[in-house]
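Structure at a glance
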Amino acid sequence: MTTQPIKNTAEHLASLRDGRTVYINGELVDDVTEHAAFRNSVRTAANLYDYQAHPANIETMTFESPTSGRRVNRAWQMPESYEELVIRRNALIAWAEQHGGFMGRSPDHLASAVTGQLMGLDLFEAYDKDRAKAFWDYYVHARDSDLYLTYVIINPQVDRSKAAADLNNDDPMMKIVDEDSAGVTVRGAKMLGTSSIMANEVFVAHLQPLRPDEEDYAICFAIPMDTKGLKVLSRKSYEQHAVSQFDDPLASHYDENDALMYFDDVKVPWERIFVHRSPEMCRRQFHDTPGHIYQNYQAQIRITVKLKFLAGLAHAICETIGTLKMPPVADALGKLAAQAAAVENMMWGMEAKGQHWGKYFVPDRHAVYAAQTLTQELYPQMINTIRELSGGALIMLPSSAADFGNPELAEIIEKVQISADGRKDTDRIKLMKLAWDAVGSEFAGRHTQYEMFYAGAQFVTRAHSFRTYDWDKAAELISTVTGRYDIDSSIADLAEKKD
Ligand SMILES: Cc1cc2nc3c(=O)[nH]c(=O)nc-3n(C[C@H](O)[C@H](O)[C@H](O)COP(=O)(O)OP(=O)(O)OC[C@H]3O[C@@H](n4cnc5c(N)ncnc54)[C@H](O)[C@@H]3O)c2cc1C
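Residues numbered from 1 in each chain as written. Predicted model: local features only at pLDDT ≥ 70, side-chain atom pairs only at ≥ 80, totals over all residues. Heavy atoms only, no water.

Quick word on the overall build of the protein chain
When you go through the protein chain residue by residue, the secondary structure sums to 18 helices and 14 strands. The globule rule puts the C-alpha radius of gyration for 499 residues at 23 Å, and the 25 Å found for the protein chain is close to it. Looking at the protein chain as a whole, 54% of its 499 residues are labelled buried. Of the contacts formed within the protein chain by residues at least 6 apart in sequence, a portion of 77% connects residues at least 24 apart. (Helix = DSSP H or I, 4+ residues; strand = E, 2+ residues; numbered from the N terminus. Rg over C-alpha atoms; globule rule 2.2 N^0.38 Å. Buried < 20%, exposed > 50% of the residue type's maximum accessible area, 1.4 Å probe, protein only. Contact = heavy atoms within 4.5 Å.)

A short note on the state of the cysteines
In total, this model carries zero disulfides according to the counting rule given. Residue cysteine 282 stays outside any disulfide, its sulfur separated by 7.1 Å from that of cysteine 220, the closest cysteine. By relative accessible area, cysteine 282 is classed as buried at 1%. (Disulfide = S-S within 2.5 Å.)

Side note on helix 16 (residues 458-468)
Among the residues of helix 16, Thr461, His464 and Ser465 are the ones counted as buried. The buried side chains of helix 16 occupy one side of the element, clustering within an arc of 95° when seen end-on. Projecting away from the buried face of helix 16 at angles above 90 degrees are the exposed residues Phe459 and Phe466. Looking at the buried side of helix 16, the elements it contacts are helix 9 (279-287), helix 10 (291-321) and helix 12 (365-390). (Arc of directions from axis to C-beta.)

What to know about the environment of isoleucine 395
Looking at the secondary structure, you find isoleucine 395 in the loop between helix 12 and helix 13 (407-416). Put simply, isoleucine 395 and serine 441 are 46 residues apart on the chain and 11 Å apart in space, counted from C-alpha to C-alpha.

A short note on the domain arrangement of the protein chain
Domain parsing of the protein chain yields domain 1 (9-287) and domain 2 (291-475). The straight-line distance from the C-alpha centre of domain 1 to that of domain 2 is 25 Å. Contacts between domain 1 and domain 2 engage 51 residues on the former and 44 residues on the latter. Both faces combined, the contact of domain 1 with domain 2 buries some 4,000 Å², and carbon together with sulfur accounts for 64% of it. Taken as a group, Phe102, Phe246 and His287 account for 18% of the area that domain 1 buries against domain 2, more than any other trio of residues on that side. Scanning the region where domain 1 abuts domain 2 turns up six salt bridges. The salt bridge involving arginine 446 is made with glutamate 256; its shortest N-O contact spans 3.2 Å. Where domain 1 packs against domain 2, one counts 19 residue pairs in polar contact (both at pLDDT 80 or more). Within the residue set of the side of domain 1 that touches domain 2, elements represented by two or more residues are helix 4 (82-99), helix 5 (107-118) and helix 9. For the side of domain 1 that touches domain 2, the element with the most residues is helix 4, which contributes ten residues. (Domains from an automatic or database assignment. Buried area = accessible area lost by both parts, 1.4 Å probe. Salt bridge = Lys/Arg side-chain N within 4 Å of Asp/Glu carboxyl O. Polar contact = N/O pair within 3.5 Å; in protein donor to acceptor, adjacent residues only side chain to side chain.)

Digging into the sheet that holds strand 6 (residues 175-179)
Overall, mixed pairing links the six strands, which are arranged 2-1-10-11-7-6 in an open sheet. This sheet does not close on itself; its edge strands, each paired only once, are strand 2 (27-28) and strand 6. The pairing of strand 1 (residues 21-24) with strand 2 spans two bridges and is classified as antiparallel. Along strand 2, the bridge assignment pairs tyrosine 23 with leucine 28. (Pairing = 2+ DSSP bridges.)

Here's the deal with the packing of aromatic side chains
Counted under the stated rule, the structure contains 18 aromatic pairs. An angle of 40° between the planes, with centres 5.4 Å apart, marks the rings of tyrosine 138 and phenylalanine 274 as tilted. Taken together, the positions of tyrosine 138 in helix 7 (residues 129-144) and phenylalanine 274 in strand 12 (residues 273-276) put the pair 136 residues apart, joining distant regions of the chain. Both residues of the pair, tyrosine 138 and phenylalanine 274, count as buried. Put simply, the rings of Phe124, Phe135, Tyr138, Phe203 and Phe274 touch in pairs and so form one group of aromatic residues. The ring centre of tyrosine 49 lies 4.2 Å from the NZ or CZ of lysine 7, which sits over that ring. The ring of tyrosine 454 carries the charged tip of arginine 302 above its face, separated from the ring centre by 5.7 Å. (Phe/Tyr/Trp six-rings, centres within 6.5 Å; stacked < 30°, edge-to-face > 60°. Lys NZ or Arg CZ within 6 Å of the ring centre and 35° of its normal.)

What to know about the side chain of asparagine 73
Of note, asparagine 73 is situated in strand 4 (residues 71-73). The class of asparagine 73 is buried, set by a relative accessible area of 2%. At 2.8 Å, the side chain of asparagine 73 and the backbone nitrogen of alanine 75 are in polar contact. Those residues in contact with asparagine 73 that sit more than four places away from it in its chain are Gln52, Met61, Thr62, Phe63, Trp95 and Asp146.

Considering the packing of helix 11 (residues 327-352) against helix 12
In the contact formed by helix 11 and helix 12, the axes pass within 10 Å of each other and the chain directions differ by 160°. In terms of axis orientation, helix 11 runs roughly antiparallel to helix 12. Judged by the sense of rotation from one axis to the other, the crossing of helix 11 with helix 12 is left-handed. In this structure, helix 11 contributes Val329, Ala332, Leu333, Leu336, Gln339, Ala340, Val343, Met346 and Met350 to the contact, and helix 12 contributes Ala367, Val368, Ala371, Leu374, Thr375, Leu378, Gln381, Met382, Thr385, Ile386 and Leu389. Taken together, the residues of the contact of helix 11 with helix 12 break down into 16 nonpolar, four polar and no charged. (Axes fitted to C-alpha atoms, helices over the stretch in contact; angles between N-to-C directions. Parallel < 35°, antiparallel > 145°, perpendicular 65-115°, else oblique. Left-handed = near helix turned anticlockwise from the far one by under 90°. Nonpolar A, V, L, I, M, F, W, Y, C, P; charged D, E, K, R; others polar.)

Side note on the site of the ligand
Taken together, 19 residues lie around the ligand, and Arg105, Ile153, Arg160, Leu192 and Thr194 are the ones closest in. Considered on its own, the ligand offers 960 Å² of accessible surface; in the complex 71% of this is hidden by protein. For the shell around the ligand, the elements supplying multiple residues, two or more each, are strand 5 (149-152) and helix 15 (442-453). The biggest single contributor to the shell around the ligand is helix 15, with four residues. Within the shell around the ligand, the residues separate by chemical class into eleven nonpolar, four polar and four charged. If you count residues domain by domain, the shell around the ligand takes at least three from each of domain 1 (9-287) and domain 2 (291-475). (Near = heavy atom within 4 Å. Areas by Shrake-Rupley, 256 points an atom, 1.4 Å probe, with all protein chains shown as cover.)

Describing unusual backbone geometry
A cis amide bond links methionine 191 with the next residue in sequence, leucine 192, at an omega value of 0°. Along the chain, leucine 192 turns up in the loop between strand 7 (183-190) and strand 8 (201-204). Even without being glycine, aspartate 265 reaches a positive phi, approximately 50°. Within the fold, aspartate 265 resides in strand 11 (residues 259-269). Residues other than glycine seldom take positive phi values, yet arginine 277 does so here, at roughly 55°. Note that arginine 277 resides in the loop between strand 12 and helix 9. Exposure remark for arginine 277: the relative accessible area of 27% places this residue in the partly exposed category.

This is how it looks when you write it as structure tokens:
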């Protein structure tokens, strides 16, 4: 047992200075913790660890690792009862409240995914004892080091009408190109490593269905971000293009980043390989363990917080522009509030309907998929409602905080940026700039895309809902009614009526 202290911000920032290969704007990044494209957002994420290490939060946020004795984030915990599930959820909520739900791949997402898969370790053992041992050892290592993981589990789009193996050119797709007694070499790309810039390691898997002959693509492993040959190609940084925190409050500090991950002949040692050349196991590790449920349950917990944040923004905007009491506005806000509350209620429903998976307690499968299917449609609707409620308030704004430095402009701004609720000009502008970054800016647009796709396109999430709904119970309800009559009884009824 160790007395290693709880992971804090300093420990996480130091761990990111590892010589990883990250590119942005054509250049190699020397240090992601200092680069203008990433540094604020990296700190926002890293600060989650100081939050968990704060004496007031230790009990809520952490639990004692059964192997090392170190207190680590509760996302690694495997609940054995409803009560433990709720205790774990409260830790995830507390973290999401630190970023308003805007960091989709905060460390608890992958910790949830890996922990959920590990609850199905017997599946891995039945498949291959060595791979199962590698997975268990990895889980213990990741948990006891309280690692921040990201994942890439989707192939680049290329041509979605064809299977990877049927493409004339499958070079873009990450696949096995060599293997020996030390491990496996992979080459090609995976999308879309959100948070990879600020994570310690990447978990690589294959979620989309593979044909039995697509064995070269069917691998799952985890490697540190500084592994030789792993190249991270960042998308445009919204943080780097932010003018200031006042002007772009979310983009400047909550840009978790997304990146294409290119595996340039990356050698993966056997002790880090959990699935090897098995298309079947690639699917089963997500769907025949609680893995997929736990990762998406975390996402629903997070979005609960984000929708509440958006509802709060909408209310504040309407107060500011004096529309709050107008019946159609109150009506729209009432609907927004109901939507946000419905999602929170669905989260409680997943837990209340949860069941045991062996000794572990798992949120209800269909309840998670129902929430996922609905929230990916709800999110853009709610964003649109807030835009509708705001009018030009989100645009009639100073070009930047620098306008206040010009006395002539500052005087006009003070005269014009008046609020119905009496808030002063700078407070009004602060609110509206935050709202624009949440619903209208390029950062906001990426968030809409994220919420629509992080769990798969609609046809995918609806298929999960279709697959897991209790259709037998639904059919039974129909039979209960139709069982009470048949054609003979109806003919007899008609005859009776005639008499
Ligand atoms: C902001 C963002 C962050 C992301 N972060 C990550 C991450 O961290 N890790 C990760 O692994 N992935 C990540 N993803 C990828 C995400 O998982 C995928 O976007 C998602 O699974 C959908 O796959 P796709 O983008 O290839 O879209 P596609 O599957 O190509 O679908 C695009 C559209 O094409 C149509 N379509 C395609 N195929 C069919 C079909 N068979 N039937 C009917 N219609 C079809 C539908 O209209 C669909 O909406 C992220 C995505 C986004 C947008």
